[in-house]
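Listed here are the chains, written in short residue letters.
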Amino acid sequence: MKPDQPAMPTPSAPVGIGRLAPALQWLLLTLVSLVFTVILELIGIPAGLLMGPMFAAVLFGMNGSTIRLPKQVYFCVQFILAMMIAGAMTPGMLGTFSGNWPLFLSVILSVIAVSTLCGWVITRMRILPGTTAIWGSSAGAASTMLMMADAYGADARLVAFMQYLRVIFVASTATMVAHLWVTGTEAETTIVWFEPVSVLPFLTTLAVGLGAAFAGRMLRVPAGAFLMPFLVGAVLNVSGVMTTELPQWLLALCYGLLGWNIGLGFTRSILAHARRALVPTVISIVVLISFSGLLALILIKVAGIDPLTAYLATSPGGLDSIAVIAASSNVDLSFVMALQSARLMIITMIGPALARFVADRA
């Protein structure tokens, strides 16, 4: 460095909120999350328990916060929410799918095709290198796509930016649609946060979820901590072997932690690294959301699915956030989760080959 040059700040030096002690950052994040959540709940926004903490975490991440949700905690959040959703699965879901599977498969493949096309265009315009745009635009679970992209040599930071930005856009849009769809004639349900819990079913639910989550991790199933408990729990619930029991306070806590995990991923460094891809990424997300809305109209007209259920079922991820929004709305949760899970499994199986195929021709 020349003598007349000013010393450059250390890139890793904490800035903004990051200068505070981690314990204080967590405390402030909790307080801000509570404020946002109360506001959203008073307005009547579905999944306010998810969206409030998520918006607060985005605010903190953008202002230099250094705290991150521990992986062990997120692991627990995933299998608990998966078991909650599994408890809503019904035998009628199989009948619905068996009679309309060509239509549902077409819907899933159409979402994958449009998301891949968006990635191809971004790659073709040389905005992002290699397969990064393909993985970043892929309509799968964000965490799954991030792990797979990193394993196949894509820029993990750019993929994370594109995936989590899509999750926030999709979750926000789905929440607003769910809010606007609610009419004044619908009865409001009162949630009892600390109602008595049947101990044995509760412990069984946790044990099954934890065991399936560990199995998913050991077998290296993509999104295994969420997908395996969901599949195992759904089978046990539909067959009548087990009854899912989870207290509302625990679910509310998991909603908030999930929101934090999404929001804290948005940091200044990632945004600086991805600034060139911001506008194309936003445009591709808007295109994908709009196309999913058209697919929802097809489900409404052809299969007779109610509009809000159809919209949430075709929304392009993420799986866990859409699940929370659906659980907070008056929809057919089993149908939403069946379509969302099928899309995740299909993109997981064909994702690597599809990314290489498209990138080679871009």
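An unreviewed UniProt entry lists the protein under the name Membrane AbrB-like protein, from Ensifer adhaerens.

The subject of this paragraph is the overall build of the protein. Check the secondary structure of the protein and you find 15 helices and zero strands. Of all 362 residues assigned to the protein, the portion counted as buried reaches 50%. Look at the contacts in the protein between residues 6 or more apart in sequence, and 77% of them connect residues 24 or more apart. Working note: accessible area of the protein is about 17,100 Å², and carbon and sulfur atoms make up 69% of it.

The interhelical angle for the contact between helix H2 (residues 48-62) and helix H10 (residues 248-263), taken along N-to-C directions, is 30 degrees, at an axis separation of 7 Å. When the axes of H2 and H10 are compared, the pair comes out roughly parallel. As for the relative orientation of H2 and H10, their crossing is right-handed in sense. Counting all contacts with H2, which are made through Leu49, Leu50, Pro53, Met54, Ala57 and Val58, the residues of H10 involved are Ala252, Tyr255, Gly256, Leu258, Gly259, Trp260, Ile262 and Gly263.

Moving on: the packing of aromatic side chains. On inspection of all chains with the given rule, the structure shows four aromatic pairs. Taking 5.5 Å as the distance between ring centres and 45 degrees as the angle between the ring planes, the aromatic pair formed by Trp26 and Trp260 counts as tilted. With Trp26 in helix H1 (residues 22-43) and Trp260 in helix H10, this residue pair connects regions lying 234 residues apart in the sequence. Taking the relative accessible area as the measure of exposure, Trp26 reaches 24% and is therefore partly exposed. Overall, the relative accessible area of 11% leaves Trp260 in the buried class.

A few words now on H2. With 15 residues, H2 extends 21 Å between its outermost C-alpha atoms, agreeing within 8% with the 21 Å of an ideal straight helix rising 1.5 Å per residue. With 11 of 15 residues buried, H2 lies mostly within the body of the structure. Among the residues of H2, those classed as buried are Gly48, Leu50, Met51, Gly52, Pro53, Met54, Ala56, Ala57, Val58, Phe60 and Gly61. Two residues or fewer after H2 comes Gly64, characterised by a positive phi angle close to 90 degrees.

Further remarks concern the environment of Ala213. Along the chain, the position of Ala213 falls in helix H8 (residues 199-218). With a relative accessible area of 0%, Ala213 lands in the buried category. Taking the C-alpha atoms as reference points, Ala213 and Gly224, 11 residues apart in sequence, are found 6.1 Å from one another.

This part covers the nonpolar core. In this structure, Leu299 and Leu312 are the most contacted members of the largest nonpolar core, which totals 98 residues. For this core, the leading source of residues is helix H7 (residues 156-181), giving 12 residues. Judged by nonpolar contacts, the second largest core, of six residues, contains Ile134, Ala154, Val159 and Val358.

This paragraph deals with the environment of Leu105. Mapped onto the secondary structure, Leu105 falls in helix H4 (residues 92-124). On the accessibility criterion, Leu105 (35% relative accessible area) is partly exposed. Residues Leu105 and Arg343, spaced 238 residues apart in sequence, show a C-alpha to C-alpha distance of 8.6 Å.

The next subject is the environment of Ile39. Of note, Ile39 is situated in helix H1. Judged by its relative accessible area of 43%, Ile39 is partly exposed.

As a further point, take the confidence of the model for the protein. In the predicted model, the protein carries a mean pLDDT of 80, and the fraction of residues at 70 or more is 82%. Averaged pLDDT values over the elements of the protein bottom out at 62 in helix H6 (residues 142-151) and peak at 93 in H8. Below pLDDT 50 for its whole length, residues 1-11 participates in three contacts with residues either more than four positions away or in separate chains. Contacts from residues 183-189, a stretch scored under 50 in pLDDT, to residues over four places away or in other chains number two contacts.

Turning our attention to the side chain of Thr116. In this structure, Thr116 sits in helix H4. The class of Thr116 is buried, set by a relative accessible area of 11%. Within polar-contact distance, the side chain of Thr116 engages the backbone oxygen of Ile112 at 2.7 Å.

Our next topic: a nonpolar patch on the surface. Where nonpolar side chains cluster on the molecular surface, the patch consists of Leu20, Leu24, Leu27, Leu28, Leu31 and Leu34 and spans about 490 Å² of accessible area. Note on placement: Leu27 falls in helix H1. We classify Leu27 as partly exposed; its relative accessible area is 47%.

On to the packing of helix H3 (residues 71-86) against helix H9 (residues 224-238), then. Closest axis-to-axis distance for the H3/H9 pair is 8 Å, and the angle between their directions is 30 degrees. Considering the angle they form, H3 stands roughly parallel to H9. Here the hand of the crossing between H3 and H9 comes out right-handed. Packed against H3, whose contacting residues are Phe75, Gln78, Phe79, Leu81, Ala82, Met83, Ile85 and Ala86, the element H9 presents Ala225, Phe226, Pro229, Phe230, Gly233, Ala234 and Asn237 at the interface.

Basis of the calculations
Residues numbered from 1 in each chain as written. Predicted model: local features only at pLDDT ≥ 70, side-chain atom pairs only at ≥ 80, totals over all residues. Heavy atoms only, no water. Helix = DSSP H or I, 4+ residues; strand = E, 2+ residues; numbered from the N terminus. Buried < 20%, exposed > 50% of the residue type's maximum accessible area, 1.4 Å probe, protein only. Contact = heavy atoms within 4.5 Å. Areas by Shrake-Rupley, 256 points an atom, 1.4 Å probe, with all protein chains shown as cover. Axes fitted to C-alpha atoms, helices over the stretch in contact; angles between N-to-C directions. Parallel < 35°, antiparallel > 145°, perpendicular 65-115°, else oblique. Left-handed = near helix turned anticlockwise from the far one by under 90°. Phe/Tyr/Trp six-rings, centres within 6.5 Å; stacked < 30°, edge-to-face > 60°. Expected span 1.5 Å × (residues − 1). Core = buried A, V, L, I, M, F, W, Y, C linked by side-chain atoms within 4.5 Å. pLDDT = per-residue confidence, 0-100. Polar contact = N/O pair within 3.5 Å; in protein donor to acceptor, adjacent residues only side chain to side chain. Patch = residues over 30% accessible without salt bridge, like charges linked within 9 Å, V, L, I, M, F, W, Y side chains within 5 Å. Salt bridge = Lys/Arg side-chain N within 4 Å of Asp/Glu carboxyl O.

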